[in-house]
Amino acid sequence: MSFIRTSRHLLHPDSGMQHPVASEVTPRGVYEERRLWLKAAGVAGSGLLLANGSEAWAQDGQVKRPGKLAALAGVRSSVTGAQAMDKLTPYQDVTSYNNFYEFGTDKSDPAEHAGTLKPRPWTLSIEGEVGKPLKLGLDDLLKVAPMEERIYRLRCVEGWSMVIPWVGYSLAALIAKAEPTSRAKYVEFVSLADPKQMPGVRSAVLDWPYIEGLRIDEAMHPLTLMAFGLYGEVLPNQNGAPLRLVVPWKYGFKSAKSIVKIRLVEKEPASSWVKANRSEYGFYSNVNPKVDHPRWSQATERRIGEGGFFAPRKATLMFNGHEAQVGQLYAGMDLKKNF
């Protein structure tokens, strides 16, 4: 849920809002061939996955756990486009540089204040245009489908990005359990808004609770992830514990955190940032380097953890590198009008 910074934060060295080439997603076949080549060359066991230059990999090619929270293992996903080959963003940056306005508007606020969030017990309701409304506890949610490890780029509308190894399963598996009706055209996500646990909810920065939405076909796309962990462990509170949405081809604020309700509806949901400023934040919010935010360019991005404010910027990819997988969802649409 990568949110918009207020004007008093624009000079942060990693904000990316002063001015405004990531690698392409590598097909799984090419990836496997590369690993076989590395093994044959005697370098696959070096403890590094050389394809992305990261030291965050164990010798078996799995992401190394930081040892901070409970383990949550996932098998490497076979979903096409689910394994970005970029260098992983260090765990420390992923968990200390966050947008989660329920805990404050500064990037450091979530890590500092999210200790008050209680991720257990937790209940998620699925309701609306469904044949089988559900209320599921966290343990039941964890069993809906096998856990997968997926490496996605996270592109914030502010102009910065990360590369994160998530753990979860396709949202489609969860929605299918509720048996959507033919009237279900959109999916609305409602986040927790408890002022006792979330001090930022006492502010008027947004209309609480935080709400986001997708078209039903976007929600059911196999890349759309219900995430329960990252870096091989359960989600830290500041990253949206205990479960959050990850839609890798959209700007980060579309990926709601700490979700308590999913509603299948017939009409487009009134998402929080559309309500706050419709002229700047559209319902779709697909990553598109050709459609600038009214106040800055979206053509490039700053990768967090790779050199700070003065590091060379990377070219932003259409649909955040997932054009081959999701471009057909928007065939015939004016992507400037439907931004």
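Heads up: these notes are all about the structure in this document.

Cut-offs used in this document
Residues numbered from 1 in each chain as written. Predicted model: local features only at pLDDT ≥ 70, side-chain atom pairs only at ≥ 80, totals over all residues. Heavy atoms only, no water. Salt bridge = Lys/Arg side-chain N within 4 Å of Asp/Glu carboxyl O. Buried < 20%, exposed > 50% of the residue type's maximum accessible area, 1.4 Å probe, protein only. Helix = DSSP H or I, 4+ residues; strand = E, 2+ residues; numbered from the N terminus. Pairing = 2+ DSSP bridges. Axes fitted to C-alpha atoms, helices over the stretch in contact; angles between N-to-C directions. Contact = heavy atoms within 4.5 Å.

All right, on to the pattern of salt bridges then. This structure, assessed with the given rule, holds 19 salt bridges. Between Glu148 and Arg150 there is a salt bridge, with the nearest N and O atoms lying 3.0 Å from each other. Side by side, Glu148 and Arg150 carry an identical accessibility label, which is buried. Close ionic contact of Arg295 with Glu280 constitutes a salt bridge, the shortest N to O distance being 3.0 Å. Here Arg295 is found in the loop between helix H7 (272-276) and strand S12 (300-303), whereas its partner Glu280 is found in the loop between H7 and S12, with 15 residues between them in sequence. According to the relative accessible area criterion, Arg295 is partly exposed, its value standing at 45%. Judged by relative accessible area, which is 14%, Glu280 ranks as buried. Among the ionic contacts, a cluster of salt bridges with common partners joins Asp86, Arg153, Arg155, Glu301 and Arg303.

Overall, mixed pairing links the five strands, which are arranged S3-S2-S11-S6-S7 in an open sheet. In this open sheet, the two edge strands, each paired with only one partner strand, are strand S3 (134-137) and strand S7 (211-215). Mean inter-strand twist for the sheet, computed between neighbouring axes without regard to direction, equals 15°. Pairing geometry for strand S2 (residues 123-128) and strand S11 (residues 259-265), over four bridges, is parallel. Its bridge partner being in S11, Ile126 is matched across the sheet by Ile262.

What follows deals with unusual backbone geometry. The peptide bond linking Arg120 to Pro121 adopts the cis configuration, its omega dihedral lying at -10°. Looking along the chain, the bond that leaves Ala241 and enters Pro242 is cis, with omega of -5°. Residue position: Pro242 is located in the loop between strand S9 (233-234) and strand S10 (244-246). Phi at Glu179 takes a positive value of approximately 55°, unusual for a residue other than glycine. For Glu179, the position within the fold is in the loop between helix H5 (171-177) and strand S6 (186-191). Positive phi is not limited to glycine here, since Ser258 has a value of about 45°. By secondary structure assignment, the location of Ser258 is in the loop between S10 and S11.

Tracing the backbone through its elements, the reader meets Met333 in the segment after helix H8 (323-326). In this structure Met333 comes out as partly exposed when scored by relative accessible area, which is 24%. Not counting residues up to four positions away in its chain, the partners in contact with Met333 are Arg215, Tyr284 and Asn338.

This part takes up the pairing of S3. Residue alternation in S3 divides its side chains into a buried set, Leu134 and Leu136, and an unburied set, Lys135 and Gly137. The sheet contact formed by S2 and S3 spans four bridges and is antiparallel. Each residue of the ladder has a partner; that of Ser125, found in S3, is Lys135. Hairpin connection, S2 to S3: the antiparallel pair is bridged by five residues.

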